[in-house]
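Here is how the chains run, residue by residue.
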Amino acid sequence: MGDEETKILAKSHPMVGGDGARSYAKNSSYQRAVMNATKEMVEDAIADKLDFKTLEIEASKTFQIADLGCSTGPNTFIAVQNIIEAVEQKYLIQRQNPNSALEFQVFFNDHNDNDFNTLFKTLPPERKYFATGVPGSFYSRLFPEKTLHFIHSSYSLHWLSRVPEEIVDSKSPAWNKSSIQCTGLVKEVTEAYAAQFNNDMESFLNARAQELVGGGLMVIVISILPNGIPMAKTAEGKIYDLLGSCLIDLAKMGLIDEEKVDSFNFPLYYPTCEEIEAIIRRNGLFSIERMKIFAPVVPGEMTFSAERSTAQIRAVFEGLIEEHFGHEFIDQLFINFTRKQLAENFLKSDDLKNHNKIDLFIALKRINTIDSYWSM
Ligand SMILES: C[S@@+](CC[C@H](N)C(=O)[O-])C[C@H]1O[C@@H](n2cnc3c(N)ncnc32)[C@H](O)[C@@H]1O
């Protein structure tokens, strides 16, 4: 394993596990809408860009797929199913021997403390693949060299390996005292977050370049910012600011420490399309085969209510908040958060209509060999 990659110990903040009312499994329909919106893009990338004539695949004909940042399901199962169906279609067209068939092995990756038990218990019984769990940070090497044919990662790469140090340093101009996120309104704060994102993406791309076989594909789906729009001017940024204001309220009531609020920051960064493209081009180990900005169609069942928006945000951030503030006031925090959304009419406001919410689909193909990578 590359030493540089193994040194990166990403902080882990798992989504709420299990399949109860508060779980990620029951509160991730937005992420599922994103997955559904990219189905055709994945099919198209595989039909057009996966080439069995040049793909390094062993005589055993096992096609190896990894979903990185899979959480507990069920979204990951939908993604994997789409990939397998598209690969099978392509194989039918390109196989040399009409009797040969592919077998599939799927690696589900997330942090060590992800609820893999729920993932394994809810694996689709009719699946056509061998399932394996791979614990660990995707900012490090996770697989042996040249073993994967397809990598997928949806809505996970905006999680940084850590909050940049300057953000919590009261002596730094990048001290993010007044906010819990990278609002994009303070230059030094934005630069510190952007630099961390750059480093993390570089580690991610280097690790994946070693693990993908020649001609292997990697699909990344990530939330991005429209050009010139700071996070604070997006619906997501605004709702995170509202959550931050609920933490300040608890501090004013003397229930949590003000300093604790000052030192709390989301390890999240939403890049622009240009930023991410520049990182991939600078890295130079992948060709960009597809790049598409889209806004997912949110299904009718997801018509927003304050309760629903709280449930979705809680399922993602409860672990992170609990780790910093403890468990005692977590219910209170989210009750206040729902009330505040209602009081400010948040979900009906123009702010939400002009949500500035866009996502990016990228399909990459590995171009460099390991040898040329190490000699660079
Ligand atoms: C919002 S969830 C997305 C889950 C799933 N891909 C989906 O679309 O529903 C983000 C996931 O990424 C995982 N994650 C974040 N950073 C990670 C890292 N460095 N290594 C592995 N997993 C990570 C989190 O633990 C979490 O399960």
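In space, the seven strands of this open sheet follow the order S3-S2-S1-S4-S5-S7-S6, with mixed pairing throughout. The sheet is open, and its two borders are formed by strand S3 (130-135) and strand S6 (286-294), each paired with just one other strand. Strand-to-strand, the axes of this sheet are offset by a mean angle of 15°, without reference to chain direction. This element, helix H2 (residues 29-37), spans strand S4 (148-154), strand S5 (212-224), S6 and strand S7 (358-366) of the sheet and lies at about 135° to S4. Packing against the sheet, helix H4 (residues 75-94) makes contact with strand S1 (62-68), strand S2 (103-110) and S4, and its axis sits at approximately 150° to S2.

Time to look at the site of the ligand. Near the ligand there are 20 residues, and of these Tyr 24, Gly 69, Asn 75, Asp 110 and Ser 154 occur at the shortest range. With respect to the ligand, the backbone of Ser 154 contributes an N or O atom lying 2.9 Å from a nitrogen atom. For the shell around the ligand, the elements supplying multiple residues, two or more each, are H2 and S2.

Right, let's get into the side chain of Ser 153. With respect to the helices and strands, Ser 153 occurs in strand S4. With relative accessibility at 0%, the residue Ser 153 sits in the buried group. A distance of 2.9 Å separates the side chain of Ser 153 from the backbone oxygen of Leu 68, its partner in a polar contact. Those residues in contact with Ser 153 that sit more than four places away from it in its chain are Asp 67, Leu 68, Val 219, Ile 220 and Val 221.

In total, this model carries 18 salt bridges according to the counting rule given. Between Lys 187 and Glu 191 there is a salt bridge, and its shortest N-O distance comes to 3.7 Å. Taken together, the residues Lys 187 and Glu 191, both in helix H6 (residues 187-211) and four residues apart, mark about one turn of the helix. Lys 187 gets classed as exposed once you look at its relative accessible area, which sits at 57%. Across the pair Asp 249 and Lys 340 runs a salt bridge whose closest N-O atoms are separated by 2.8 Å. Of this pair, Asp 249 sits in helix H7 (residues 235-252) while Lys 340 is found in helix H11 (residues 330-343), placing the two residues 91 residues apart along the sequence. Beyond isolated ion pairs, a larger network of salt bridges with shared partners links Asp 44, Asp 48 and Arg 290.

Calculation rules
- Residues numbered from 1 in each chain as written.
- Predicted model: local features only at pLDDT ≥ 70, side-chain atom pairs only at ≥ 80, totals over all residues.
- Heavy atoms only, no water.
- Pairing = 2+ DSSP bridges.
- Helix = DSSP H or I, 4+ residues; strand = E, 2+ residues; numbered from the N terminus.
- Axes fitted to C-alpha atoms, helices over the stretch in contact; angles between N-to-C directions.
- Contact = heavy atoms within 4.5 Å.
- Near = heavy atom within 4 Å.
- Polar contact = N/O pair within 3.5 Å; in protein donor to acceptor, adjacent residues only side chain to side chain.
- Buried < 20%, exposed > 50% of the residue type's maximum accessible area, 1.4 Å probe, protein only.
- Salt bridge = Lys/Arg side-chain N within 4 Å of Asp/Glu carboxyl O.

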